[in-house]
Amino acid sequence: MTRVFNFGAGPAMLPTAVMEIAQREFLNYRDMGTGLIEISHRSKEFEDVINSADSLLAELANIPDNYKILYVHGGAQMQFSAIPMNLINRNPAKKAAYVETGNFAGLARKEASRYGNVTVAASSENTDFDRIPEFDVASLDADTSYVHITSNNTIYGTRWQQFPDTGDIPLVADMTSELLSRRLDISQFGVIYAGLQKNLGPAGLACVIVREDLLGHATPETPSLLNYKTYADKHSLANTNNTFAIYMMKLVLEWLKGEGGLDAMEARNDEKSALLYDVIDNSDFYLAAVQKEHRSTMNVTFNLANNDLLNDFLEQALAKGLYALKGHRNVGGIRASIYNAMPREGCVALAEFMQEFEKNNA
Ligand SMILES: Cc1ncc(COP(=O)(O)O)c(C=O)c1O
């Protein structure tokens, strides 16, 4: 069997080595005569898995001791509710500020507005989200409970290159489509969250990294299983958690460490994305979808100058094993999602295909 180069935005390709280990261990985990997903979340074996996931993530992302790692049900969008429920009550004014950089940022803001006084602190909507907008931190009221950003915008292909210093107001970041793709100073953030399905594992669960002093402020109506304190107090095992997703995440983290950690991954991601951006920049046939200085290294978005060729492009790419390159339905065009698991060869193959397609169709 040949595996395609899967450019889908998520659920996304996982490292082949990880898929092979999972396959090997699926029926018979550690010679137990049973699979890991068939045994208790309170078993010694699963405890080892979740402890390893914690320590690998803390080591790889250089997470300071005053942060907790949580595995929260419901994927990234469930965090759009969990964030206000856990944080907006920090101040009686119940204020939160959102920076609007695309579809998911907007959904997060709309959900939060059900819980308090939510404002748009900055937006790039008027330029079709082709950039990260200027954001004046000084404009925030001091009693703002938190500021929310989407660090990498999966649909549009932009990312924050640097993060704003919000001082005493906790900065909350949706890092679903880029966590562990580059080095970060975790201490700049109050909360980071990410759905697992891009760089971390299967869909349906979110990894949350939260500063300890932000626990314990949830509004009284917050369901226990959305209250970060429940997860922190019970090591994410207040109820039966998604043991398979946590196991897969542990395997991905082991793989990442073996690949050289975040230093190596960031350099590789810069190089991989540059292979594609170079083709786009050196051509009138392909048009970059976003401003150069705001480009993502995870989601490379572009258009064909002649959009009538789009279906041919996608069909011919697929025939060469380049899968799922269609842009998001909101924006059209082409999107190559090249998360950590996408090998350099996948980007080389796509860059070569793009040049060949241009030669044949220009
Ligand atoms: C930046 C970002 N936030 C949130 C989500 C929503 O994730 P989920 O489907 O896990 O709720 C996505 C999904 O692609 C995303 O890219």
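The rules behind each value
- Residues numbered from 1 in each chain as written.
- Predicted model: local features only at pLDDT ≥ 70, side-chain atom pairs only at ≥ 80, totals over all residues.
- Helix = DSSP H or I, 4+ residues; strand = E, 2+ residues; numbered from the N terminus.
- Rg over C-alpha atoms; globule rule 2.2 N^0.38 Å.
- Buried ≥ 20, exposed ≤ 12 C-beta atoms within 10 Å, placed from the backbone.
- Pairing = 2+ DSSP bridges.
- Domains from an automatic or database assignment.
- Contact = placed C-beta atoms within 7 Å.
- Nonpolar A, V, L, I, M, F, W, Y, C, P; charged D, E, K, R; others polar.
- UniProt positions renumbered as here; feature names shortened; annotations may be inferred.
- Axes fitted to C-alpha atoms, helices over the stretch in contact; angles between N-to-C directions.

**Q** Which parts of the structure should I look at to understand the overall build of the chain?
**A** Broken down by element type, the chain carries nine helices and 14 strands. Compactness check: the chain gives a C-alpha radius of gyration of 21 Å against a globular reference of 21 Å for 362 residues, within 12% of the reference.

**Q** Explain the pairing of strand S14 (residues 334-337) here, please?
**A** It is a general feature of regular strands that their side chains alternate between the two faces of the sheet. Because side chains alternate across S14, one face comprises the buried residues Ile334 and Ala336, and the other comprises Arg335 and Ser337, equally buried. Here four bridges tie strand S12 (residues 299-304) to S14, and the two strands are oriented antiparallel to one another. Counted as the bridge partner of valine 300 is alanine 336 from S14.

**Q** I'm lost on the domain arrangement of the chain in this one. Help?
**A** One widely used convention gives an interface's size as the accessible area the parts lose upon coming together. What the domain assignment lists for the chain is domain 1 (24-258) and domain 2 (261-361). For domain 1 and domain 2, the distance between their C-alpha centroids amounts to 27 Å. Contact with domain 1, which involves 22 residues of that partner, is made by 23 residues of domain 2. Elements with a minimum of two residues in the side of domain 1 that touches domain 2: strand S7 (158-159) and helix H6 (243-258). A per-class count over the side of domain 1 that touches domain 2 returns six nonpolar, eight polar and eight charged.

**Q** Please explain the UniProt feature "binding site: L-glutamate" (unreviewed entry) in the chain as it appears in this structure.
**A** Within this numbering scheme, the UniProt entry marks Arg42 as carrying the feature "binding site: L-glutamate" (unreviewed entry). Topologically, arginine 42 is positioned in the loop between helix H1 (16-25) and helix H2 (44-61).

**Q** How should the pairing of strand S5 (residues 144-150) be read in this particular structure?
**A** Across the seven residues of S5, seven count as buried, placing the element largely inside the fold. Bridging between strand S3 (residues 95-100) and S5 involves four bridges; their strand directions are parallel. In the sheet register, alanine 97 faces S5, and the bridge partner there is valine 147. As paired strands, S5 and strand S8 (residues 171-174) are joined by four bridges and run parallel to one another. Of the residues in S8, the one forming a bridge with threonine 150 is aspartate 174.

**Q** Is there a simple way to think about the sheet that holds S14 in this case?
**A** Backbone hydrogen bonds hold the strands of a sheet together, and the pairing may be parallel or antiparallel. Taken in spatial order, the three strands line up as S11-S12-S14 in an open sheet, and their pairing is antiparallel. For this open sheet the edge positions go to strand S11 (286-288) and S14, each flanked by a neighbour on one side alone. Across this sheet, the average inter-strand angle for adjacent strands is 35°, counted without regard to direction. Of the pairings in the sheet, the one linking S11 to S12 comprises three bridges and is antiparallel in character. Residue pairing across strands places leucine 287 opposite asparagine 303, the latter belonging to S12.

**Q** Honestly, the sheet that holds strand S2 (residues 67-73) in this entry has me stumped. Any pointers?
**A** Taking strand neighbours across the sheet as the criterion, the seven strands line up as S2-S10-S9-S8-S5-S3-S4 in an open arrangement whose pairing is mixed. The strands lining the two open edges of the sheet, one partner per strand, are S2 and strand S4 (117-123). Each neighbouring strand pair of the sheet contributes to a mean axis angle of 20°, computed without reference to strand direction. Taken together, the six bridges between S3 and S4 define a ladder with parallel strand orientation. Across the sheet, residue tyrosine 98 finds its bridge partner in S4, namely valine 120.

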